[in-house]
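Chains, contacts and geometry: an overview
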Amino acid sequence: MRSPRDFFKPLAIGAPAPLREIPVRPSRMIHFFDPSNPRMADKAPGIAAKVDILLGNLEDAVPIDRKEAAREGLVQIARDNDFGDTQLWTRVNSLDSPWFLDDVTRLVGEVGDKLDVIMLPKVQGPWDIHYVDQLLAQLEAKAALQRPILLHCILETALGVANVEEIANASPRIQGMSLGPADLAASRRMKTTRVGGGHPGYLVRNDPDPDNPDAPRASYQQDLWHYTIGRMVDACAGVGALAFYGPFGAIDDPVACEDQFRNAFLMGCVGTWSLHPSQIEIAKRVFSPPPDEVAWAKRVLDAMPDGSGAVMLDGKMQDDATWKQCKVMVDLARLIAGKDPDLRELYGF
Ligand code: GLV
Ligand code: MG
């Protein structure tokens with residue numbers, strides 16, 4: 001067992017000290033692009049100005065014969081651009097792949113000072129994190145980095161979900177997690193071929209009408225991902241890390257995409273992936289708190305200046321707990337308002 005006193009010591013001589021708190025910045029969408037695709041690479045700086053997080057993807061969706069081009073493309077883009085307050089992340093290949101070691105060695109060595117977070121796919125348990133934690137410390141020391149690179153895990157294996165709390169607690173580098181519904185479905189032998197979202201077969205049905213047993217019975221589609229998102233949100237919140245929805249593959253169904261994103265927002269996620277420019281606006285709309293909710297939450301905070309006691313507001317009971325709920329909403333609105341002048345005006349800050 002490791003001493004709690006050692007948890008915040010660097011894992012390599014010369015590596016930066018681990019962070020005590022995860023930085024909370026606007027993180028409504030992690031926009032994926034393929035740095036091996038020259039058209040996408042050219043557009044990356046323009047897209048960066050519209051998103052909270054830009055991610056150079058090296059893993060799935062990048063063909064095997066372009067893995068190295070993707071890695072080198074990302075090095076070039078990171079070197080050539082200053083993305084301002086937009087975070088730069090990468091998704092590296094999985095730990096058992098032939099590319100992982102060169103992905104992290106090259107990226108940390110060449111542009112480690114520009115990279116905020118490394119997204120790790122197919123995390124199975126805390127042993128994966130311990131390995132990457134130490135390796136990153138060695139690479140950070142070698143590159144003389146001044147701040148640690150954080151880790152974001154994709155929850156996309158059955159074993160990873162079973163170990164989610166241990167993963168969240170494995171290192172102070174854990175920045176957050178995303179749901180990976182495609183790999184997770186395959187790993188669990190779920191019978192859906194969709195990437196995220198619901199399934200018309202996963203439903204509950206009303207009982208038959210005893211007076212008319214053959215009449216059509218209403219049915220209600222259920223959310224296939226509710227259980228996993230719930231576990232991920234609790235595991236992340238328990239360590240001060242951030243939870244995200246993941247990919248929604250039906251680019252042609254913006255309505256269902258928005259619904260799925262909103263479920264995740266309501267359950268505690270701070271953002272989602274955007275796989276296509278059309279999903280950036282959807283994510284922005286969903287993961288920025290609604291102005292009417294913010295106005296209400298501000299009224300509650302104003303009515304209870306020290307956050308204690310009980311008051312009635314428009315017939316609704318408020319106390320210390322509702323004050324905290326409202327503070328979550330107002331704090332998020334303030335964070336987003338710092339980046340988005342239109343929303344600042346709508347929120348009245
Ligand atoms: C994402 O990586 C997924 O597998 O859904
Ligand atoms: Mg995946």
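Nothing here was measured: the structure is a model prediction, and the numbers come from that model.

Bringing the domain arrangement of the protein into the picture now. Domain boundaries assigned for the protein yield domain 1 (4–287) and domain 2 (288–349). Inter-centroid distance (C-alpha atoms) of domain 1 to domain 2 is 29 Å. With 14 residues of domain 1 at the interface, the matching set in domain 2 holds 9 residues. In total, about 790 Å² of surface goes out of reach between domain 1 and domain 2, with carbon and sulfur atoms giving 54% of it. Its largest share of buried area at the contact with domain 2, domain 1 owes to P26, R28 and F265, together 51% of the area lost on that side. Where domain 1 touches domain 2, the interface holds 3 salt bridges. Residues R28 and D340 are paired through a salt bridge, measuring 3.8 Å at the closest nitrogen-oxygen approach. At the surface where domain 1 touches domain 2, the tally comes to 5 residue pairs in polar contact (both at pLDDT 80 or more). Looking at which element gives the most residues to the side of domain 1 that touches domain 2, the answer is helix α10 (residues 277–287), with 5 residues. Tallied by class, residues from the side of domain 1 that touches domain 2 come to 7 nonpolar, 1 polar and 6 charged.

On to the pattern of salt bridges, then. Any two side chains of opposite charge can pair, on the condition that their charged atoms come close. Here the structure, examined in full by the defined rule, presents 23 salt bridges. For D85, the salt bridge is made with K339, and the minimal N-O distance between the two is 3.9 Å. You can see D85 sitting in the loop between α2 (67–80) and β3 (87–91) and its partner K339 sitting in the loop between α12 (320–337) and α13 (341–347), a full 254 residues away along the chain. Ionic contacts of the salt-bridge type, sharing partners, join the residues E59, D60, R91, K122, E156 and D183 into one network.

As a rule of thumb, soluble globular proteins bury nonpolar side chains together. Judged by nonpolar contacts, the single largest core of 69 residues is most densely connected at L54, I118, I129, M177, W225 and F261. Not counting the four nearest positions on each side in its chain, F261 is found in contact with Y245, G246, F248, T272, W273, Q279, I282, A283, V286 and F287. Counting residues in each nonpolar core, the second largest holds 13 residues, with I53, W89, V117 and M119 among its members.

Turning our eyes to something else, we now look at the sheet that holds strand β6 (residues 174–179). The sheet built from 8 strands is open, its strands ordered β9-β6-β5-β4-β3-β2-β1-β10 with parallel pairing. Strands with a single pairing partner mark the edges of an open sheet, and in this sheet they are β9 (242–244) and β10 (272–274). Taken pair by pair, the neighbouring strands of this sheet meet at an average axis angle of 25 degrees, ignoring direction. Relative to strand β4 (residues 117–120), β3 runs parallel, the two sharing 3 bridges. By the bridge assignment, R91 is partnered in β4 with M119.

Quick notes on the rules
- Residues numbered from 1 in each chain as written.
- Chains lettered and ligands numbered in written order.
- Predicted model: local features only at pLDDT ≥ 70, side-chain atom pairs only at ≥ 80, totals over all residues.
- Heavy atoms only, no water.
- Domains from an automatic or database assignment.
- Contact = heavy atoms within 4.5 Å.
- Buried area = accessible area lost by both parts, 1.4 Å probe.
- Salt bridge = Lys/Arg side-chain N within 4 Å of Asp/Glu carboxyl O.
- Polar contact = N/O pair within 3.5 Å; in protein donor to acceptor, adjacent residues only side chain to side chain.
- Helix = DSSP H or I, 4+ residues; strand = E, 2+ residues; numbered from the N terminus.
- Nonpolar A, V, L, I, M, F, W, Y, C, P; charged D, E, K, R; others polar.
- Core = buried A, V, L, I, M, F, W, Y, C linked by side-chain atoms within 4.5 Å.
- Buried < 20%, exposed > 50% of the residue type's maximum accessible area, 1.4 Å probe, protein only.
- Pairing = 2+ DSSP bridges.
- Axes fitted to C-alpha atoms, helices over the stretch in contact; angles between N-to-C directions.

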